[in-house]
Amino acid sequence: MKPQETKFEFVYNEIKQCILDGQIPHGNALPSSRMYCEQFHVSRYTINRVFDALRAEGLVDIQPRLAPIVVSTKDTCNSSNTVFEILKQKEGILQVYQTFALILPSLMVFALQGCDVEIMPHYKQAMKALRLGHAPGGWRFSKLLGYDILRIGGNSLFSELYSTFGLYNKLAFFTEECTYFSKYFLQGPLSATSVIDILKGDDPLTKYDQLSNMYQKLADSIENTLNYLSETTPQCPTQTGLKFSWNPMRGQDYCYSKIVDDMNRKIGLGEYSAGMYLPYEKQLAVRYDVSLSTVRRALSELEQRGFVKTLNGKGTIVTEPDVTKLHQLALNSGYVEKALRYLHALQLMILIIRPAALAAAPEFTREELDELADRFTSSDSIYLADILESIMKHITLDPLYIILSEINHLLEWGHHFVYYPSKEHTLLHLNKQVILALQQLREGNVTSFADDIADCYRYNLVRMKKHMVEKYKFYNAAHIRIPEKY
């Protein structure tokens, strides 16, 4: 398995990148350690270590009882070198904007539903900055307002994605150093000034359409700006690529947890059925490239869940879920946290899979559709897994592919929970829904296809929310909202 990035490394790299990109300008204070603790889900000890490392590198100055002050945001490189570095990552930057143009509108509308944008912490600052015009740095308050909105939605995955977007979009360069972009986008008819008016709207569908138009215009403007810079820059550099990364399990992705999730997925999807023996511990250690003790810890957790049972001298056999053990597990604080993460991942998948399916639909060939129809004849299969794999195969935007992959990985935790209670009824309903979606795609009804796939995940969320509340008395699940159709 790949070596995991520590919480310290993750937080340090993110804050450092924000400073170097100008998101936190020279002379400004960093957010408080408390805010960083909430944002990154780490201790104050970790944040203080990060502050010390940034000070040692000369990026911040720390005085007693004061927040660290940024003292350096730029290297000694000149403007032409900055443009050169931006152009080296041209395609990757553009894909980031195109990806978030697809997914941000639905996240914003959902998060803001039932809330007033005027009560957000950075609303007044954003309004003041917009009234003063497009002065350097004014964009930061709109960015912070966006973070406020996604955070208040109650799903931390939303704000984590938004923060990741800020690490890769190079917005400080476009708004503060590139006059072409300022003229093309910021002074256009659908400028950033109108964002507040859109967010104040009452009708979710109208807000969704307007935000979609605005974010798409932003992506188009970035593309035009990058093309202009390419045409006006002598010896335009070769593309080096922009390695987009989003890991919502960072700091929690222990090796044994990855094995548990993978085995849980295979059990839930029927690859390992009840009564079947798992591979021997040594085989699993080789397969996952871990030690025997890690494998044993993973198998022990699976046994605690009631999914497997180790028989002395025989091996580990898959069992039907033990309801008593699952109920006891639900009382564990670690389980509660993972269960919420799972439900939040379902919530996020509902909102993202629709635009992803719309983007992928035109890429399906007639042969692929026929092959899928042939595969959807086995009553034991879970068609939703197959159709998701096919959709992801046709995703051309790397950031969108990575986001979907990570969400799907988070959902592995709950495959056994969602499919095994009344498994036959659940699979029958989901498989019928996927077959209907495939038929819509074959007939060219792309929107209906995307809606039907989103409905599958919506059904899982409704069902699991009810199951966790009624069966395991997990009342935190009652507060998870079900996304509407936009």
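Look above for the structure.
Computed from a prediction, not measured in an experiment: that's the story for all the values here. (Residues numbered from 1 in each chain as written. Predicted model: local features only at pLDDT ≥ 70, side-chain atom pairs only at ≥ 80, totals over all residues. Heavy atoms only, no water.)

(A) Structural view of the packing of aromatic side chains. Scanning the model with the defined rule gives 12 aromatic pairs in all. Aromatic pair tyrosine 168 and phenylalanine 244: ring centres 4.9 Å apart, planes at 45 degrees, arrangement tilted. Of this pair, tyrosine 168 sits in helix H8 (residues 156–168) while phenylalanine 244 sits in the loop between helix H12 (204–232) and helix H13 (255–268), and the two are 76 residues apart along the sequence. The two residues tyrosine 168 and phenylalanine 244 agree in class, both being buried. The interplanar angle of 75 degrees and the centroid separation of 5.2 Å between the aromatic rings of phenylalanine 173 and phenylalanine 174 together place this pair among those described as edge-to-face. The residues phenylalanine 173 and phenylalanine 174 share a single accessibility class, namely buried. (Phe/Tyr/Trp six-rings, centres within 6.5 Å; stacked < 30°, edge-to-face > 60°. Helix = DSSP H or I, 4+ residues; strand = E, 2+ residues; numbered from the N terminus. Buried < 20%, exposed > 50% of the residue type's maximum accessible area, 1.4 Å probe, protein only.)

(B) Spotlight on unusual backbone geometry. Within the chain, lysine 170 stands out as a residue other than glycine whose phi angle is a positive 55 degrees. Residue lysine 170 is classed as buried on the basis of its relative accessible area of 16%. For aspartate 289, which is not glycine, the phi torsion reads 55 degrees and is therefore positive. The topology assignment puts aspartate 289 in the loop between helix H14 (281–288) and helix H15 (292–305).

(C) Structural detail: the pattern of salt bridges. Tallying each qualifying case throughout the model produces 14 salt bridges. The partner of glutamate 57 in a salt bridge is lysine 16, and the shortest N-O contact between them spans 2.7 Å. With glutamate 57 in the loop between helix H3 (44–56) and strand S1 (60–61) and lysine 16 in helix H1 (residues 7–20), the pair connects residues that are 41 residues apart, well separated along the chain. What makes glutamate 57 partly exposed here is its relative accessible area of 39%. Residue glutamate 85 pairs with lysine 88 through a salt bridge whose shortest N-O separation is 3.6 Å. With glutamate 85 and lysine 88 both in helix H4 (residues 79–88) and three residues apart, this pair spans about one turn of that helix. (Salt bridge = Lys/Arg side-chain N within 4 Å of Asp/Glu carboxyl O.)

(D) Spatial organisation of the nonpolar core. One finds Leu30, Ile391, Tyr457 and Met468 to be the most contacted residues of the largest nonpolar core, which totals 135 residues. It is helix H17 (residues 333–360) that contributes the most residues to this core, 16 residues altogether. Excluding residues within four positions of it along the chain, tyrosine 457 makes contact with Leu346, Met349, Ile350, Ile353, Leu384, Leu388 and Leu411. By size, the runner-up hydrophobic cluster in this structure holds 18 residues, among which are Val260, Ala285, Ala298 and Val308. (Core = buried A, V, L, I, M, F, W, Y, C linked by side-chain atoms within 4.5 Å. Contact = heavy atoms within 4.5 Å.)

(E) Looking closely at the environment of leucine 284. Structurally, leucine 284 is set in helix H14. Owing to a relative accessible area of 1%, leucine 284 belongs among the buried residues under this scheme. In this structure, the C-alpha to C-alpha distance between leucine 284 and valine 295, residues 11 residues apart in sequence, is 6.8 Å.

(F) Molecular detail of the packing of helix H6 (residues 123–131) against helix H7 (residues 139–152). Close contact between H6 and H7 brings their axes to 8 Å; oriented N to C, the two are set at 150 degrees. The angle between the axes of H6 and H7 places the two elements in the roughly antiparallel class. For the pair H6 and H7, the sense of crossing is left-handed. Together, Tyr123, Gln125, Ala126, Ala129 and Leu130 of H6 and Phe141, Ser142 and Leu145 of H7 make up the contact between the two elements. Of the residues contributing to the contact of H6 with H7, the split by class is six nonpolar, two polar and no charged. (Axes fitted to C-alpha atoms, helices over the stretch in contact; angles between N-to-C directions. Parallel < 35°, antiparallel > 145°, perpendicular 65-115°, else oblique. Left-handed = near helix turned anticlockwise from the far one by under 90°. Nonpolar A, V, L, I, M, F, W, Y, C, P; charged D, E, K, R; others polar.)

(G) Examining H8 more closely. Helix length check: H8 (13 residues) gives 19 Å between terminal C-alpha atoms against 18 Å at 1.5 Å per residue, within 8%. Burial analysis of H8 places 12 of its 13 residues in the buried class, which makes it a mostly covered element. The N-capping residue of H8, defined by a side-chain oxygen 3.0 Å from the backbone nitrogen of leucine 157, is asparagine 155. Just beyond H8, the residue with positive phi is lysine 170, at close to 55 degrees. (Expected span 1.5 Å × (residues − 1). Polar contact = N/O pair within 3.5 Å; in protein donor to acceptor, adjacent residues only side chain to side chain.)

(H) Region of interest: the pairing of strand S4 (residues 315–318). Two elements, strand S3 (residues 308–311) and S4, share four bridges in a ladder whose sense is antiparallel. Bridge assignment links threonine 310 to a residue of S4, and that residue is threonine 316. Here S3 folds back onto S4, and the loop between the two strands holds three residues, one of which, glycine 313, carries a positive phi near 80 degrees. (Pairing = 2+ DSSP bridges.)

(I) Molecular detail of the packing of H7 against H8. Interaxial distance between H7 and H8 falls to 8 Å at its minimum, and their mutual angle equals 160 degrees. Judged on the interaxial angle alone, H8 and H7 are roughly antiparallel. Where H7 crosses over H8, the two elements pack in a sense that is right-handed. For the pair formed by H7 and H8, the contact residues are Ser142, Lys143, Gly146, Tyr147, Leu150 and Arg151 on the first element and Phe158, Ser159, Tyr162, Ser163 and Gly166 on the second. Looking at side-chain class alone, the contact of H7 with H8 contains four nonpolar, five polar and two charged residues.

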